[in-house]
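Close look at the chain arrangement
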Amino acid sequence: MCIVLGTPIIPKVQKAAVIAKTGEKVQIKDDHPVKQPDQLKPGECLVRLHCTGVCHTDLHAALGDWPIPPSVPLVGGHEGVGEVVAIGKNTMGSPVKVGDRVGIKWVAYSCLNCEQCRKGLEQNCADVKLSGYTTDGTFQQYVQSWVNIVTPIPEGISSEAAASVLCAGVTVYRALKRAGTVPNDWVVLPGAGGGLGHLAVQYAKFMGLRVIAIDGGEEKRRLCMDMLGADAWIDFTETKDIVSEVKRITGGRGANAAVITAASSGGYTQAVDYLREGGTLMAVGLPAKAQLNASIFFTVFKNICIRGSYVGNRQDAIEAVNIAASGRVKVHYTSKPLKELERVYEDLGKGKIAGRVVLTM
Ligand code: 8ID
Ligand code: ZN
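Residues numbered from 1 in each chain as written. Chains lettered and ligands numbered in written order. Predicted model: local features only at pLDDT ≥ 70, side-chain atom pairs only at ≥ 80, totals over all residues. Heavy atoms only, no water.

What follows deals with the environment of Trp233. With respect to the secondary-structure elements, Trp233 resides in strand S15 (residues 232-235). Between the C-alpha atoms of Trp233 and Thr52, which are 181 residues apart in sequence, the distance is 30 Å. Contact partners of Trp233, with chain neighbours within four places excluded, come to Ala213, Ile214, Asp215, Gly216, Gly217, Lys220, Arg221, Cys224 and Met225. (Helix = DSSP H or I, 4+ residues; strand = E, 2+ residues; numbered from the N terminus. Contact = heavy atoms within 4.5 Å.)

Structure representation (structure tokens):
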């Protein structure tokens, strides 16, 4: 970006990772159009991105394997951090100004006036626009966004460290808040070594919970146990009877909650069985077209609460980011250039990524 007398010059074209059709490979283009400041409507802004996390959701979008299809052609990505370089003319009362550092999350736009928005369910707004799914996201150098929806990023955290808090962090932070636990309760985290899961371990510890991390392989065991401070580890690829193992760890009682971020339906199967009476199953991971298979009898008999939790609203985002900026939750990430995105998808699909990959622009 060039700056002439304080006004950023916005290029006409940029680098972007584009999916022409779901199921096709990502194309890295260097002539993708940039929305120009005079094309921004009131309330819209343009953000020059520093970096973006890669979420498993971006892989679901690229594959088109969810029941609701994404818009194509599509620029994916919804964990971006950058700076505001332009704001639409006649925008009134913007909470951000040119030069501010902001985050782009999954909810790119919601009307803020409908019943769901007023209740804090901005992700369920009928007019919602989803970054990297129904509107172009963060796998590009410049993204168009909305001044009322971007997340302010405080000082004290780098853009790369903040990026994955905007989806992975917000999502697990909100799910844990709604899991009905009190300090010292046991929470089981299937998917603990992945992008969402490794942040769930840390937000759970921050909330005073005891954590049973479930995932596969030595690298993820080391991440969860040695680096993130989980209290117990279960390798789902080796342990035959996960229910007995959770019961053994919890002194025969079972866990108080499970926050499931596994990207496969396998992560859900035993949860109702290893929860103790009154426990809560938080469904977060979104395996393609899977059904939740739980015993109705034991769900009723044990007073189990089964709840879905879908990303978070602006307040959840601000809380999650502020906790990360305080240093109590850290994203464990590997930096890669944008052009590596296709390779990152391959690794995500194979469950090979411990923590997150953050792409630089
Ligand atoms: O708002 C939401 N609910 C939301 C927000 C963001 C992402 C939901 N998601 C969804 C994604 O679309 C994806 O389906 O959460 C899921 C996890 O996203 P992620 O954390 O970005 O994916 P990852 O980094 O690949 O981590 C998934 C982990 O699950 C493990 C894998 O080994 C990996 O570490 N895993 C699998 I696959 N099966 C497992 C099993 N049976 C398992 N861990 C334990 N038991
Ligand atoms: Zn995501």
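So that's the structure; there's more coming.
Another point: the site of ligand 1. What surrounds ligand 1 is a group of 30 residues, the closest being His56, Thr57, Asp215, Val311 and Arg356. The separation between an oxygen atom of ligand 1 and a polar side-chain atom of His56 is 2.7 Å. One of the backbone nitrogen or oxygen atoms of Ser309 is found 2.9 Å away from a nitrogen atom of ligand 1. Going through the elements one at a time, helix H1 (56-63), helix H4 (165-177), helix H5 (195-206) and strand S14 (210-215) are the ones with two or more residues in the shell around ligand 1. (Near = heavy atom within 4 Å. Polar contact = N/O pair within 3.5 Å; in protein donor to acceptor, adjacent residues only side chain to side chain.)

Moving on: the packing of H4 against helix H10 (residues 314-325). Helix packing geometry: the angle between the two helix axes and the distance between the axes. Relative orientation of the contacting elements H4 and H10 amounts to 105 degrees, with a least axis distance of 9 Å. Taken together, the axes of H4 and H10 lie roughly perpendicular to each other. Residue-level inspection shows Val165, Leu166, Gly169, Val170, Tyr173, Arg174 and Lys177 of H4 in contact with H10, the latter providing Asp316, Ala317, Glu319, Ala320, Val321, Ile323 and Ala324. Tallied by class, the residues present in the contact of H4 with H10 amount to nine nonpolar, one polar and four charged. (Axes fitted to C-alpha atoms, helices over the stretch in contact; angles between N-to-C directions. Parallel < 35°, antiparallel > 145°, perpendicular 65-115°, else oblique. Nonpolar A, V, L, I, M, F, W, Y, C, P; charged D, E, K, R; others polar.)

Over its 13 residues, H4 extends only 15 Å from the first C-alpha to the last, a length that falls short of the 18 Å expected when each residue adds 1.5 Å. Of all 13 residues in H4, 12 are buried, a share of seventy percent or more. Within H4, the full set of buried residues consists of Val165, Leu166, Cys167, Ala168, Gly169, Val170, Thr171, Val172, Tyr173, Arg174, Ala175 and Leu176. (Expected span 1.5 Å × (residues − 1). Buried < 20%, exposed > 50% of the residue type's maximum accessible area, 1.4 Å probe, protein only.)

So, about the coordination of the zinc ion (ligand 2). Taken together, Cys55 (SG), His78 (NE2) and Cys167 (SG) make up the protein donors of the zinc ion (ligand 2), found 2.0 to 2.2 Å from the metal. Mapped onto the sequence, the residues coordinating the zinc ion (ligand 2) show the spacing C-x22-H-x88-C. Separated by 112 residues along the polypeptide, Cys55 in the loop between strand S5 (44-53) and H1 and Cys167 in helix H4 bring together distant segments of the chain. When its relative accessible area of 5% is taken as the criterion, Cys167 is described as buried. (Donors = N, O, S within 2.8 Å, 3.2 Å for Na, K, Ca; no water.)

Each neighbour pair has its own omega, and for Val72 with Pro73 the value is -5 degrees, a cis peptide bond. You can see Pro73 is positioned in the loop between H1 and strand S6 (74-75). The backbone phi angle of Val311 is positive, close to 30 degrees, even though this residue is not glycine. Here Val311 falls in the buried class, since its relative accessible area comes to 11%.

Right, let's get into the pairing of strand S19 (residues 333-337). Here S19 runs beside strand S20 (residues 356-360); their pairing, made up of five bridges, is parallel. Each residue of the ladder has a partner; that of Pro337, found in S20, is Thr360. Of the crossover connections in this fold, the one passing from S19 over helix H11 (residues 341-349) to the parallel S20 is right-handed. (Pairing = 2+ DSSP bridges. Right-handed = clockwise from strand over helix to strand, strands pointing away.)

A few words now on the UniProt feature "domain: Enoyl reductase (ER)" (unreviewed entry) in the chain. Feature annotation in UniProt assigns "domain: Enoyl reductase (ER)" (unreviewed entry) to the following positions: residues 23-359. Note that residues 23-359 is 27% helix and 26% strand, and that its end C-alpha atoms are spaced 21 Å apart. (UniProt positions renumbered as here; feature names shortened; annotations may be inferred.)

A few words now on a nonpolar patch on the surface. Together, Phe297, Phe298 and Phe301 give the surface a local cluster of nonpolar side chains, amounting to about 360 Å² of exposed area. Examined against the element boundaries, Phe297 turns out to sit in helix H9 (residues 296-301). (Patch = residues over 30% accessible without salt bridge, like charges linked within 9 Å, V, L, I, M, F, W, Y side chains within 5 Å. Areas by Shrake-Rupley, 256 points an atom, 1.4 Å probe, with all protein chains shown as cover. Salt bridge = Lys/Arg side-chain N within 4 Å of Asp/Glu carboxyl O.)

Attention now moves to the pairing of strand S8 (residues 101-104). Taken residue by residue, a regular strand's side chains alternate between the two faces of the sheet. As defined by bridge partners, strand S7 (residues 80-87) adjoins S8 across four bridges and the pair is classed as antiparallel. Looking across to S8, one finds that Gly82 is bridged to Val102. As paired strands, S8 and strand S12 (residues 151-152) are joined by two bridges and run antiparallel to one another. When the bridges of S12 are listed, Gly103 appears paired with Thr151.

Looking now at the pattern of salt bridges. For the structure on display, the rule yields 16 salt bridges. One salt bridge in this structure joins Lys220 and Asp215, with 3.8 Å as the shortest N-O distance. For Asp215, a relative accessible area of 9% translates into the label buried. One network of salt bridges, with partners in common, ties together Arg174, Lys177, Asp316 and Glu319.

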